[in-house]
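Descriptive analysis of the structure
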Amino acid sequence: EAQVTQNPRYLITVTGKKLTVTCSQNMNHEYMSWYRQDPGLGLRQIYYSMNVEVTDKGDVPEGYKVSRKEKRNFPLILESPSPNQTSLYFCASSFSIRGVTGELFFGEGSRLTVL
Amino acid sequence: AQKITQTQPGMFVQEKEAVTLDCTYDTSDQSYGLFWYKQPSSGEMIFLIYQGSYDEQNATEGRYSLNFQKARKSANLVISASQLGDSAMYFCAMRESYNTDKLIFGTGTRLQVFP
């Protein structure tokens, strides 16, 4: 089954404790991206990757890191989480985004709470 | 300035009735794509429908249709014959040709379908 898999789905952590949210897709997609969803703000892009070893900042990259060592994986790293990073996080992928077509395929979301 | 505006935070509709969810957008780009996603209470993001800026016909997918009015910069989602399972959050999104690396999302509309 074609899917984007995120882990963990739910996580409660404390300020400053490094964590990684994994994302893996089995569709051989070139493009992958991370979004965060906050009430009243919709979804905002954190980082994206056009292909292996190619990553770039989105609209809200502060406090996050990413890497793309393999095509299928795109982990999101919070080096020192803070309470303002409490959010619902989505990983998404697409074949290619050359042009305006091509919907994003989303993972199921990871709900993160930072105390 | 907001690129995607969804002015209805919440909407109610009776089962089997049609409902229109509003979306207006702001872009100076001539080539762009418009998307609608559904987010049920379980949290995942489900792609519903796509409309390209050069498409002459309004997009349709089953009970979903997109009322695209280019001059007014609106891309309203019409759901016909509402079902209880349509209760969810709905997001409008846009991709511009000069910035294809992300979808820009609106803040969403929560639709409640009642019997």
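What counts and how
For every chain, the first residue of the written sequence is number 1, and numbering continues from 1 along that sequence. Labels are handed out in written order, letters beginning with A for the chains and numbers beginning with 1 for the ligands. The model is predicted, so local features are restricted to residues of pLDDT at least 70 and side-chain atom pairs to those at 80 or more, both for listing and for counting; the totals for chains, interfaces and linings are taken over all residues. As a convention, hydrogens and water are excluded, and side-chain values are obtained from all of the structure's heavy atoms. Cysteine sulfur atoms that come within 2.5 Å of each other are treated as a disulfide pair. Only DSSP runs of H or I with at least four residues qualify as helices, and only runs of E with at least two residues qualify as strands; both kinds are numbered from the N terminus onward. Summary of the burial criterion: residues with accessible area below 20% of their type's maximum are buried, those above 50% are exposed, and those between are partly exposed, where the area comes from a 1.4 Å probe applied to protein chains only. For this analysis, residues touch if any pair of their heavy atoms sits within 4.5 Å. Throughout, buried area stands for the accessible area (probe radius 1.4 Å) lost by two parts on being put together, summed over both. Criterion for a salt bridge: a side-chain nitrogen of Lys or Arg within 4 Å of a carboxyl oxygen of Asp or Glu. N or O atoms within 3.5 Å of each other form a polar contact, as long as, within protein, one can give a hydrogen and the other can take it, and as long as residues adjacent in sequence are counted only when both atoms are side-chain atoms. The set of buried Ala, Val, Leu, Ile, Met, Phe, Trp, Tyr and Cys residues whose side-chain atoms join them within 4.5 Å is what this entry labels a nonpolar core.

Counted by the stated rule, this structure contains two disulfides over all chains. Between the sulfur atoms of C23 of chain A and its disulfide partner C91 of chain A the distance amounts to 1.9 Å. Because the torsion about its S-S bond is -75°, the bridge between C23 of chain A and C91 of chain A counts as left-handed. Pair noted here: C23 of chain A is in strand β3 (residues 19-25) and C91 of chain A is in strand β9 (residues 87-94), with a separation of 68 residues, a long-range link. The same class applies to C23 of chain A and to C91 of chain A, which are both buried. Shown here is the disulfide that connects C23 of chain B with C92 of chain B, its sulfur atoms set 2.0 Å apart. Between C23 of chain B and C92 of chain B, the disulfide has an S-S torsion of -65° and is therefore left-handed. One end of the pair, C23 of chain B, is in the loop between β3 (19-21) and β4 (24-25); the other, C92 of chain B, is in strand β10 (residues 88-96), and 69 residues separate them in sequence. We note that C23 of chain B, like C92 of chain B, is buried.

So, on to the interface of chain B and chain A. Counting residues at the interface gives 23 residues for chain B, matched by 22 residues for chain A. In this assembly, chain B packs against chain A so that about 1,800 Å² is buried in total across both faces, 56% of it on carbon and sulfur atoms. In this structure, the connection of chain B to chain A is made through one salt bridge. Note that K102 of chain B is salt-bridged to D59 of chain A, the shortest N-O span being 2.6 Å. Summed over the shared surface of chain B and chain A, the number is seven residue pairs in polar contact (both at pLDDT 80 or more). Listing elements by their share of the side of chain B that touches chain A, those giving two or more residues are β5 (32-39), β6 (46-52), β10 and β11 (99-105) of chain B.

For the rest of this paragraph, the subject is the pattern of salt bridges. Residue and element names in this part refer to chain A. As enumerated under the stated definition, the model contains eight salt bridges over all chains in all. The closest approach of N and O atoms between E108 and R9, which form a salt bridge, is 3.3 Å. Remark: R9 occurs in the loop between β1 (4-7) and β2 (10-13) and E108 occurs in the loop between β10 (105-106) and β11 (110-114); sequence separation between them is 99 residues. Judged by its relative accessible area of 25%, R9 falls in the partly exposed class.

Here we take up the nonpolar core. All names here are of chain B. By size, the foremost hydrophobic cluster in this structure holds 25 residues, and its most contacted members are Y25, W36, I49, L77, Y90 and L111. Listed by contribution, the elements that provide at least two residues to this core are β3, β5, β6, β8 (64-69), β9 (74-79), β10 and β12 (109-114). Dropping the residues within four chain positions of it, L111 is found in contact with M11, V13, V19, L21, I79, D86, S87, A88 and Y90.

What follows is about the side chain of T109 of chain B. Residue and element names in this part refer to chain B. Secondary-structure assignment places T109 in strand β12. Of note is the side chain of T109, whose polar atom sits 2.6 Å from the backbone oxygen of Q8. Apart from residues no more than four positions distant in its own chain, T109 is found in contact with Q6, Q8, P9, G10, M11, L21, A88, M89 and Y90.

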